[in-house]
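Read off the chains here:
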Amino acid sequence: MSDLRFDGMTAVMSGGSRGIGLAIATELARGGANLVLLAKTDNPDPRLPGTIHTAVEQIEAAGGKAVGVVGDVRNDDDVQRAASTAADTFGGVDICINNASVLNLAGTEDLPLKRFDLIQQVNVRGTFALTQACLPFLKKSESASVLTLSPPLNMSDEWLGKHPGYMLGKYGMTLLARGFAAEFADDGIASNCLWPETTIATAAVKNLLGGEEGTSHARDPQVMADAAALLLSHTPRHRTGETLIDVDVLAEAGITDLAVYGGQEPLDYDIFVDPR
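Computed from a predicted model, the values in this text were never measured in an experiment. (Residues numbered from 1 in each chain as written. Predicted model: local features only at pLDDT ≥ 70, side-chain atom pairs only at ≥ 80, totals over all residues. Heavy atoms only, no water.)

Student: An account of the overall build of the chain is needed here, citing residue identities and associated values.
Tutor: When you go through the chain residue by residue, the secondary structure sums to 9 helices and 7 strands. Across its three principal axes, the chain shows a C-alpha extent of roughly 45 × 45 × 40 Å. Of all 276 residues assigned to the chain, the portion counted as buried reaches 56%. Within the chain, contacts between residues separated by at least 24 positions form 75% of all contacts whose residues are at least 6 apart in sequence. (Helix = DSSP H or I, 4+ residues; strand = E, 2+ residues; numbered from the N terminus. Buried < 20%, exposed > 50% of the residue type's maximum accessible area, 1.4 Å probe, protein only. Contact = heavy atoms within 4.5 Å.)

Student: I'd love a proper account of the pairing of strand S3 (residues 65-70), names of residues and values included.
Tutor: Pairing of strand S2 (residues 34-39) with S3 involves 6 bridges; the strand directions are parallel. Following the sheet pairing, Leu37 is matched in S3 by Gly68. (Pairing = 2+ DSSP bridges.)

Student: Provide a residue-level description of the side chain of Thr198, including the pertinent values.
Tutor: Looking at where Thr198 falls in the secondary structure, it is placed in the loop between strand S6 (190-195) and helix H7 (203-216). Look at Thr198 and you get buried, because its relative accessible area is 3%. With near-sequence residues (within four places) excluded, Thr198 lies in contact with Arg219, Leu267, Asp268, Tyr269 and Asp270.

Student: Please provide a residue-by-residue account of the sheet that holds strand S1 (residues 10-14), values included.
Tutor: What holds strands together in a sheet is hydrogen bonding between their backbones, with the strands either parallel or antiparallel. With parallel pairing, 7 strands are arranged side by side in an open sheet as S3-S2-S1-S4-S5-S6-S7. Of all strands in the sheet, those with a lone pairing partner are S3 and strand S7 (243-245), marking the two edges. Across the sheet, the mean angle separating the axes of adjacent strands is 20 degrees when strand polarity is ignored. Strand contacts of helix H3 (residues 76-90): S1, S2 and S3, with the helix running at about 155 degrees to S3, the strand carrying the most contacts. (Axes fitted to C-alpha atoms, helices over the stretch in contact; angles between N-to-C directions.)

Student: Could you give an account of the side chain of Lys170, naming the residues involved and the relevant values?
Tutor: Here Lys170 lies in helix H6 (residues 164-183). It turns out Lys170 is buried and unbridged, and the closest side chain with the opposite charge, Asp270, is 8.5 Å from it. Polar contacts involving the side chain of Lys170 include one to the side chain of Ser101, which spans 3.1 Å. Reaching out from Lys170, the side chain makes a polar contact with the backbone oxygen of Leu149 at a distance of 2.9 Å. Setting aside anything within four residues of it in sequence, one finds Lys170 in contact with Ser101, Asn123, Leu149, Ser150, Pro151, Trp195 and Phe272. (Lys, Arg positive; Asp, Glu negative; His and termini not counted. Salt bridge = Lys/Arg side-chain N within 4 Å of Asp/Glu carboxyl O. Polar contact = N/O pair within 3.5 Å; in protein donor to acceptor, adjacent residues only side chain to side chain.)

Student: Please provide a residue-by-residue account of the packing of aromatic side chains, values included.
Tutor: Applying the stated rule across the entire model yields 5 aromatic pairs. An aromatic cluster is built from Trp159, Tyr166, Tyr171, Trp195 and Phe272, whose rings are joined through pairwise contacts. The ring of Trp159 carries Lys162 above its face, with NZ or CZ at 4.8 Å from the centroid. (Phe/Tyr/Trp six-rings, centres within 6.5 Å; stacked < 30°, edge-to-face > 60°. Lys NZ or Arg CZ within 6 Å of the ring centre and 35° of its normal.)

Student: Got a sec to walk through the packing of H3 against helix H4 (residues 113-138)? Specific residues and values, please.
Tutor: Orientation of H3 relative to H4, taken along the N-to-C sense of each, is 35 degrees, at an axis distance of 9 Å. Here H3 runs over H4; the crossing is right-handed. For the pair H3 and H4, contact is made by Asp76, Val79, Gln80, Ala83 and Ala87 and by Arg125, Ala129, Leu130, Ala133, Cys134 and Phe137, respectively. In terms of residue class, the contact of H3 with H4 is made up of 8 nonpolar, 1 polar and 2 charged. (Left-handed = near helix turned anticlockwise from the far one by under 90°. Nonpolar A, V, L, I, M, F, W, Y, C, P; charged D, E, K, R; others polar.)

Student: Any chance you could break down the state of the cysteines for me, citing the residues and the numbers?
Tutor: As enumerated under the stated definition, the model contains 0 disulfides in all. Cys134 takes part in no disulfide bond, and the closest cysteine sulfur, belonging to Cys96, lies 4.0 Å away. The exposure class assigned to Cys134 is buried, which follows from its relative accessible area of 0%. The thiol of Cys193 is not disulfide-bonded; the next cysteine sulfur, from Cys96, is found 12 Å away. By relative accessible area, Cys193 is classed as buried at 1%. (Disulfide = S-S within 2.5 Å.)

Student: Go over the pattern of salt bridges, please, and point to the residues and values.
Tutor: Enumeration according to the criterion identifies 11 salt bridges in this entry. In this structure, Glu158 and Lys162 form a salt bridge, with 3.1 Å as the shortest nitrogen-oxygen distance. Pair noted here: Glu158 and Lys162 are both in helix H5 (residues 157-162), with a separation of 4 residues, about one helical turn. Classification of Glu158 as partly exposed rests on a relative accessible area of 44%. Lys162 sits in the partly exposed class, given a relative accessible area of 43%. One salt bridge in this structure joins Arg239 and Glu242, with 3.0 Å as the shortest N-O distance. Assessed through its relative accessible area of 13%, Arg239 is described here as buried. The network of salt bridges with common partners includes Glu197, Arg219, Asp248 and Arg276.

Below you can see the structure in the form of structure tokens.
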């Protein structure tokens with residue numbers, strides 16, 4: 001998607017030091033975007049590759065400009081600092097990307113309330129907080145967009161009952177995104193959700209969903225990065241309030257050969273996605 005241009009545009013993202021978030025940030029950078037990342041990963045973790053500092057280096061190597069704000073999306077001052085840093089450094093905010101998320105697939109009986117609270121604080125409250133902090137600047141942008149990495153509202157009993165704590169956190173993000181679309185339609189702020197059709201080969205999938213075998217049947221994060229870039233290049237205004245799957249966004253752009261994104265057959269469908 002290197003032909004898509006985001007020159008002069010600034011995106012603020014929660015998380016983004018690795019995985020899907022970093023892939024999206026890097027793809028936007030290839031198009032000339034400025035990035036401000038709000039992430040906790042100041043120091044290396046032996047279980048997870050990358051820090052906010054290595055992410056900034058990768059983004060700038062791709063052609064964009066980046067600032068890393070070390071902080072927690074649960075901390076109001078940190079969130080406000082990220083939005084203010086974007087305005088002070090780059091002159092505003094055009095894109096708000098709600099990427100930070102806690103994955104915990106424990107059932108109701110096995111999910112400690114402390115972990116339940118963490119899911120809701122990062123996933124739902126974090127989405128609300130970052131969007132709220134960016135709003136004064138988004139309202140001044142001619143290309144304002146909010147992108148939330150959350151799934152379509154699949155209300156089948158299987159997904160409602162599999163891990164209700166995590167389901168609530170992710171569906172809460174989607175409901176907020178849909179709510180933002182309705183609330184700020186007159187301000188020209190687009191708000192959409194994007195979710196992968198299959199699992200994505202990230203450290204989270206490797207550590208929590210199936211190890212090396214799990215990642216071998218997952219696509220590369222670039223599939224989400226390309227879909228996000230396409231979606232953000234065509235907003236605002238004419239497309240808002242939608243919950244989209246990555247491969248559908250690519251197909252609309254005429255991209256149907258997905259072999260470049262890897263993954264051994266059979267590919268594993270992602271959480272909340274039914275076989276299609």
